[in-house]
Amino acid sequence: MSAFKTVRGMRDFLPEEAEIMRFIERKARETASLYGYREIITPVVESYELVAAKAGEEVRARMYAFEDLGGRKVALRPEFTASVARLVATTLRNEPKPLRLFCVGSLYRYDEPQRGRFREFWQSNFELMGSDKPEADAEILLLTNHFMKSVGLKNFTFKVGHVGVLRSILSHEGLAEEVQNQAMQRMDKKLYEEALKIAEENGASDKCLKTLQKLVNLKGDDAAKILEEMAEIVKDYREAVEAVKNLREIINLVVETDEKVKITVDAGFARGLEYYTGMIFEVYVPELDIALAGGGRYNKLVELFGGEPTPAVGVAHGIDRIMLALQEQRAKIDLKREMGVVVVPVSENLAAEALRIAEMLRAEKIPVEFEVMGRKVSKALEDADRREAGYVIIVGEKELKENAVVLRDMQKKEQTTVKIGNLVEVLRHLRI
Ligand code: AMP
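Residues numbered from 1 in each chain as written. Predicted model: local features only at pLDDT ≥ 70, side-chain atom pairs only at ≥ 80, totals over all residues. Heavy atoms only, no water.

Colleague: Would you mind showing me how to read the side chain of aspartate 320 here?
Modeller: Within the secondary structure, aspartate 320 is located in helix H13 (residues 319-328). In this structure, aspartate 320 is in contact with Arg11, Phe13, Phe118, Glu120, Phe121 and Trp122, ignoring residues within four places of it in sequence. (Helix = DSSP H or I, 4+ residues; strand = E, 2+ residues; numbered from the N terminus. Contact = heavy atoms within 4.5 Å.)

Colleague: Please explain the environment of serine 168 as it appears in this structure.
Modeller: Along the chain, the position of serine 168 falls in helix H6 (residues 163-172). Each C-alpha atom, one on serine 168 and one on glutamine 180, is 9.7 Å from the other, the two residues being 12 residues apart in sequence. Not counting residues up to four positions away in its chain, the partners in contact with serine 168 are Glu239 and Ala240.

Colleague: Which parts of the structure should I look at to understand the pairing of strand S12 (residues 312-318)?
Modeller: Walk down a regular strand and you will see the side chains alternate between the two sheet faces. The element S12 is largely enclosed, with a buried count of seven among its seven residues. Side-chain alternation along S12 places Ala312, Gly314, Ala316 and Gly318 on one buried face and Val313, Val315 and His317 on a second face that is also buried. Pairing of strand S6 (residues 120-129) with S12 involves seven bridges; the strand directions are antiparallel. Counted as the bridge partner of serine 124 is histidine 317 from S12. Summarising the sheet, strand S11 (residues 293-297) and S12 pair through five bridges and their orientation is antiparallel. By the bridge assignment for S12, glycine 294 is matched with alanine 316. (Buried < 20%, exposed > 50% of the residue type's maximum accessible area, 1.4 Å probe, protein only. Pairing = 2+ DSSP bridges.)

Colleague: Just to check I follow, could you spell out the site of the ligand for this structure?
Modeller: Surveying the vicinity of the ligand reveals 16 residues, the closest of which are Arg109, Asp111, Phe118, Gln123 and Arg271. Measuring from an oxygen atom of the ligand, one finds a side-chain N or O atom of arginine 109 at 2.8 Å. Within the complex, 93% of the 490 Å² of free accessible area of the ligand lies under protein. For the shell around the ligand, the secondary structure elements donating two or more residues are S6, S11 and S12. In the shell around the ligand, the residues fall into seven nonpolar, four polar and five charged. (Near = heavy atom within 4 Å. Polar contact = N/O pair within 3.5 Å; in protein donor to acceptor, adjacent residues only side chain to side chain. Areas by Shrake-Rupley, 256 points an atom, 1.4 Å probe, with all protein chains shown as cover. Nonpolar A, V, L, I, M, F, W, Y, C, P; charged D, E, K, R; others polar.)

Colleague: How should I be thinking about the packing of aromatic side chains in this particular structure?
Modeller: The geometry of two aromatic rings is summed up by the distance between their centres and the angle between their planes. Counting across every chain of the model gives nine aromatic pairs. Geometrically, the ring pair formed by tyrosine 37 and phenylalanine 126 is edge-to-face, given 5.4 Å between the ring centres and 70° between the ring planes. Pair noted here: tyrosine 37 is in the loop between helix H1 (15-35) and strand S1 (38-39) and phenylalanine 126 is in strand S6, with a separation of 89 residues, a long-range link. The residues tyrosine 37 and phenylalanine 126 share a single accessibility class, namely buried. An aromatic cluster of at least three residues, connected via ring pairs, comprises Tyr37, Phe102 and Phe126. The ring of phenylalanine 118 has arginine 11 sitting right over it, with the charged end atom 3.5 Å from the ring centre. (Phe/Tyr/Trp six-rings, centres within 6.5 Å; stacked < 30°, edge-to-face > 60°. Lys NZ or Arg CZ within 6 Å of the ring centre and 35° of its normal.)

Colleague: Which parts of the structure should I look at to understand the sheet that holds S12?
Modeller: Sheets are built from strands paired through backbone hydrogen bonds, the pairs being either parallel or antiparallel. Spatially, S1-S5-S6-S12-S11-S10-S7-S9-S8 is the arrangement adopted by the nine strands of the open sheet, whose pairing is mixed. The open sheet is flanked by S1 and strand S8 (219-220), the only strands paired with a single partner. Of the strand pairs in this sheet, S8 and strand S9 (residues 263-266) are connected by two bridges, and their pairing is antiparallel. Counted as the bridge partner of lysine 219 is aspartate 266 from S9. Seen against the sheet, helix H5 (residues 134-150) touches strand S5 (99-108), S6, strand S7 (157-162), strand S10 (279-284), S11 and S12 and runs at an angle of roughly 15° to S12. (Axes fitted to C-alpha atoms, helices over the stretch in contact; angles between N-to-C directions.)

Colleague: Just checking my understanding: could you explain the pairing of S10 for this structure?
Modeller: Burial analysis of S10 places five of its six residues in the buried class, the great majority of the element. By the bridge criterion, six bridges tie S7 to S10 in an arrangement that is antiparallel. Opposite lysine 159, over in S10, you have glutamate 282 as the bridge partner.

Colleague: What is the right way to read the pattern of salt bridges from this model?
Modeller: Opposite charge on two side chains makes pairing possible when the charged atoms of those side chains draw close. In the structure shown here, the tally under the stated rule is 35 salt bridges. Across the pair arginine 387 and glutamate 369 runs a salt bridge, and its minimum N-O distance is 3.0 Å. Of the two residues, arginine 387 sits in the loop between helix H15 (377-386) and strand S15 (391-395) while glutamate 369 sits in strand S14 (residues 368-370), which places them 18 residues apart along the sequence. Looking at glutamate 369, the relative accessible area reads 40%, which means it is partly exposed. (Salt bridge = Lys/Arg side-chain N within 4 Å of Asp/Glu carboxyl O.)

Colleague: Just to check I follow, could you spell out H13 for this structure?
Modeller: Owing to its 3.6 residues per turn, the α-helix aligns residues three or four sequence positions apart on the same side. A large share of H13 lies buried, amounting to eight of its 10 residues. Among all positions in H13, only Ile319, Asp320, Arg321, Ile322, Met323, Leu324, Ala325 and Leu326 are buried. Looking at the packing, one finds that the buried side of H13 touches H1, S5, S6, H5 and S12. Once H13 ends, the next one or two residues include arginine 330, with phi positive near 50°.

Colleague: What is the right way to read the domain arrangement of the chain from this model?
Modeller: Bring the parts together and some accessible area is lost; that lost area is often taken as the interface size. Taken domain by domain, the chain holds domain 1 (15-328) and domain 2 (341-429). Look at where the C-alpha atoms of domain 1 and domain 2 centre, and you get two points 54 Å apart. (Domains from an automatic or database assignment.)

Colleague: Whenever I open this one, the packing of H6 against helix H7 (residues 177-188) confuses me. Can you help?
Modeller: If you want to describe how two helices pack, look at the angle between their axes and the distance between the axes. Two elements in contact, H6 and H7, have axes separated by 10 Å at closest approach and are oriented at 135°. By the criterion of interaxial angle, the relationship of H6 to H7 is oblique. As H6 runs across H7, the sense of the crossing is right-handed. Residues Val163, Leu166, Arg167, Leu170 and Ser171 of H6 lie in contact with H7, whose contacting residues are Glu177, Gln180, Asn181, Ala183, Met184 and Met187. For the contact of H6 with H7, a count of residues per class yields six nonpolar, three polar and two charged. (Parallel < 35°, antiparallel > 145°, perpendicular 65-115°, else oblique. Left-handed = near helix turned anticlockwise from the far one by under 90°.)

Colleague: So what exactly am I meant to see when it comes to helix H11 (residues 238-257) here?
Modeller: The end-to-end C-alpha distance of H11 is 29 Å, a good match for the 28 Å that 20 residues give at a rise of 1.5 Å each. Listing the buried residues of H11 in full gives Ala240, Ala243, Val244, Asn246, Leu247, Ile250, Ile251 and Val254. End-on view of H11: buried residues confined to an arc of 160°, all on one side of the axis. Turned more than 90 degrees off the buried face of H11, the exposed positions are Arg238, Glu256 and Thr257. Turning to H11, the residues buried within the fold contact H5, S7, H6, helix H10 (223-233), S9 and S10. (Expected span 1.5 Å × (residues − 1). Arc of directions from axis to C-beta.)

Below you can see the structure in the form of structure tokens.
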């Protein structure tokens, strides 16, 4: 019965998956605190207008948008950046810059479900507001590098480009922003022929088309060489030359900081979201052909939402895809599951006494599961074995009279009598 299944594109996270997901989230939080980013929590439901403003055609068409009971047009957030920019434009407008903000949570897009593509997915998101310096762009790349390493990912590569290069050439040809967006959208999907056709139909010159053609064919991991060729190709477009220079400064800062960071420069790289104005990037691993993270510079968004002109750069890390990549790489995740203790009263009239012992242990941070099924000791022990419990505490009348309980080592199948007053110490000694 379909009513008892998850809705298409939605997933349940079973305990092991939830643990891995929270592990990644924990690493994101650690990264945030190491780089000075403070967490904010924004609503899942936002005004449609806000999230639609610069999301780009692709995301806009796939939004969970609806009217609420008060007749407001709202949407489930498809990304975080619009919400953060809204805050910086309003409540946080007078905060001193730079402002470093972190958030983590679920996002919603009516994407076609497939491997690594879900309708509810999770991101950790970092935004650095107030600086237009290459150091800020480099910080976002470096913190992403730190985060990816800290979860245990190997062989990841940054694909880096700069929307300023392509956009300034199109602007120079007099193409309206709307048309530019359409062309960039096609480029994002690697539909370069279509992108060039849009430029041509809107009056781009032959020279411009040739320049674009050369750019979209230019990429490689020798960053210095690719940047030099890019500069040569765009030399007649002043703003594009500046954009290449900016990209070179950012990349130089990153590789001079950490020469192990792997970078591919892609001159024809575009991203779906329309708000980007400068450097853009994505993170890939060889095992998957979908991006694990994406980000870039957006200098006009806060202003668009009525705030002060605020240059900004940020990144969103796709937690679901990082989970998938870790699986593909067979990464060992140290989840530190604690070996639990099970407390079993011998009879129902001892339940309160046994519960009191369980609570005493929990107060000392010792994890305890209580026998809640009212089973006989032999059955309870079988179950504890199945659950791979390390120890069972059997609370019986005879031992209680002596202020003691029976402690059973499930592996060695040995039992000893332990005074209740010594229980915490004994269990600690056993490294529980
Ligand atoms: P974007 O907000 O489109 O820049 O996406 C940033 C990151 O979020 C991507 O690199 C993915 O890792 C992740 N992401 C985006 N869309 C989805 C989706 N439908 N399912 C899972 N992850 C996604």
